[in-house]
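The chain contents come next:
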Amino acid sequence: MPLKATQAFTVKGNTMKKEFSVTLLAALLLAGTSAGYAGAPDPERIQEARQQTRAFAEDLKSTLMKGMKAEGPKAAIRLCNEEAPVIAMSHSTDGWDIGRTSLKIRNPENAPDAWEKQVLLDFASRHQAGESMDTMEASIQDGDTFRYMKAIPVGGPCVICHGETLAEPVQEELARLYPDDKATGFRQGDLRGAFTLTYTSD
Ligand code: HEC
């Protein structure tokens, strides 16, 4: 749309063009806020991202807890290994892409990119400053791509597989599946990482 406007104005000649370009700039800035070009995300999109995150988190948690109850942590690790990426895929529909990341990762596929790393570092310092992780989030509109992140705290059951001391079978299974595992040494109440979502409109 902005491109069309520029073309329309250029045929009107130089004097007019100058005057119009100021109006055009203002119009673009205004359009930017509603269409998301200026970096301010649409509040409705943020709401959607929150819902997507909640649904994904619930799905992950119930799969994990079912696995733990049925067969114990060792089998649950295998379940996580196989199911976490599948669950992420099943929630990545209709333009959304959803996953998890962290500054200390277990699965190398979850490594943060530049923006994610910057947000994770920001979350870490906000956490240190005492901000609640329940509402800790970040979002950005970058051209056609909306991005959203939400902090993940370490809860009670998480330390079985991400804590400072791990049971022998857990340790063995993790070493087998994730030889480069960095996601241990956490305590309850620590910042574990973040959900990370993108939405691309076409
Ligand atoms: C039964 C063991 C187990 C428990 C309990 C567990 N996790 Fe994990 N966690 C894993 C495994 C295995 C992976 C790697 C999954 C994969 O391959 O994508 C993982 C990956 C993650 C990741 C993705 C980033 C990374 O390091 O690859 C986050 C975030 C995470 N876990 C948070 C949690 C939180 C929060 C809890 C508690 C609610 C929790 N985990 C409980 C085993 C566990």
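Our structure's up above, just so we're on the same page.
Since we're looking at a predicted model, the values are computed, not measured.

Caption draft 1: Up close: the overall build of the protein. For the protein, the count of helices and strands is 6 helices and 4 strands. By the burial criterion, 22% of the 202 residues in the protein qualify as buried. When contacts within the protein are restricted to residue pairs at least 6 apart in sequence, those whose partners lie at least 24 apart make up 67%.

Caption draft 2: Just the pairing of strand 4 (residues 191-200), in detail. In terms of burial, strand 4 is largely enclosed, as 7 of its 10 residues are buried. As judged from the 6 bridges shared by strand 1 (residues 96-101) and strand 4, these two strands associate in the antiparallel manner. Paired with Thr101 across the strands is Ala194, a residue of strand 4. Two elements, strand 3 (residues 145-153) and strand 4, share 9 bridges in a ladder whose sense is antiparallel. Among the inter-strand pairings, Pro153 is bridged to a residue of strand 4, identified as Leu191.

Caption draft 3: Looking closely at the sheet that holds strand 4. Strand order in the open sheet formed by 4 strands is 1-4-3-2, with antiparallel pairing between adjacent strands. Only two strands of the sheet have a single neighbouring strand rather than two, namely strand 1 and strand 2 (137-142). Here the strands of the sheet are splayed against their neighbours by 15° on average, with no regard to which way each runs. In this sheet, strand 3 lies alongside strand 2 in antiparallel orientation, the contact comprising 6 bridges.

Caption draft 4: Region of interest: helix 4 (residues 114-128). With 15 residues, helix 4 extends 21 Å between its outermost C-alpha atoms, agreeing within 8% with the 21 Å of an ideal straight helix rising 1.5 Å per residue. Those residues of helix 4 not exposed but buried are Glu116, Val119, Leu120 and Phe123. When helix 4 is viewed along its axis, its buried side chains cluster within an angular range of 105° and face the same direction. For helix 4, exposure combined with an orientation more than 90 degrees from the buried face picks out Ala114, Gln118, Leu121, Ser125 and Gln128.

Caption draft 5: Examining the nonpolar core more closely. By size, the foremost hydrophobic cluster in this structure holds 17 residues, and its most contacted members are Val119, Phe123, Met149, Ala194, Phe195 and Leu197. Looking at this core, the elements with two or more residues in it are helix 3 (43-91), helix 4, strand 3 and strand 4. When residues no more than four places from it in sequence are discounted, the contact partners of Ala194 are Thr101, Val119, Leu120, Phe123, Met149, Lys150, Ala151 and Ile152. Counting residues in each nonpolar core, the second largest holds 8 residues, with Ile77, Cys161, Val170 and Leu174 among its members.

Caption draft 6: Examining the packing of helix 3 against helix 6 (residues 168-177) more closely. Put simply, helix 3 and helix 6 touch, their axes get as near as 9 Å, and they point 25° apart. If you check the angle between helix 3 and helix 6, you find them roughly parallel. As for how helix 3 packs across helix 6, the hand of that crossing is right-handed. Along the contact surface, helix 3 presents Pro73, Lys74, Ile77 and Asn81, while helix 6 presents Pro169, Val170, Glu173, Leu174 and Leu177. For the contact of helix 3 with helix 6, the per-class residue count stands at 6 nonpolar, 1 polar and 2 charged.

The rules behind each value
Residue numbers restart at each chain and count upward from 1, following the sequence in its written direction. Owing to the predicted nature of the model, reporting of local features is limited to residues with pLDDT of at least 70; listing and counting of side-chain atom pairs is limited to 80 or more, with chain, interface and lining totals taken over all residues. The numbering of helices and of strands both runs from the N terminus, where a helix is a DSSP run of H or I of at least 4 residues and a strand a run of E of at least 2. Exposed residues have 12 or fewer other C-beta atoms within 10 Å of their own C-beta, buried residues have 20 or more, and residues in between are partly exposed; the C-beta atoms are placed from the backbone. Residues are treated as contacting if the C-beta atoms built from their backbones sit within 7 Å of each other. Two strands qualify as a pair provided that DSSP identifies no fewer than 2 bridges between them. Note on geometry: axes are C-alpha line fits, over the in-contact stretch for helices, and angles between N-to-C directions span 0 to 180 degrees. Expected span of a helix: the number of residues minus one, times 1.5 Å. Along the arc lie the directions from the helix axis toward the C-beta atoms. Buried Ala, Val, Leu, Ile, Met, Phe, Trp, Tyr and Cys residues form a nonpolar core when they are connected through C-beta atoms within 7 Å. Should an angle fall under 35 degrees it is taken as roughly parallel, and over 145 as roughly antiparallel, whereas 65 to 115 is taken as roughly perpendicular and any remaining angle as oblique. Left-handed is the label given to a crossing in which the near helix is rotated counterclockwise from the far helix by less than a right angle, and right-handed is the label when the rotation is clockwise. Ten residues, namely Ala, Val, Leu, Ile, Met, Phe, Trp, Tyr, Cys and Pro, are considered nonpolar, four, namely Asp, Glu, Lys and Arg, are considered charged, and the remaining ones, Gly among them, are considered polar.

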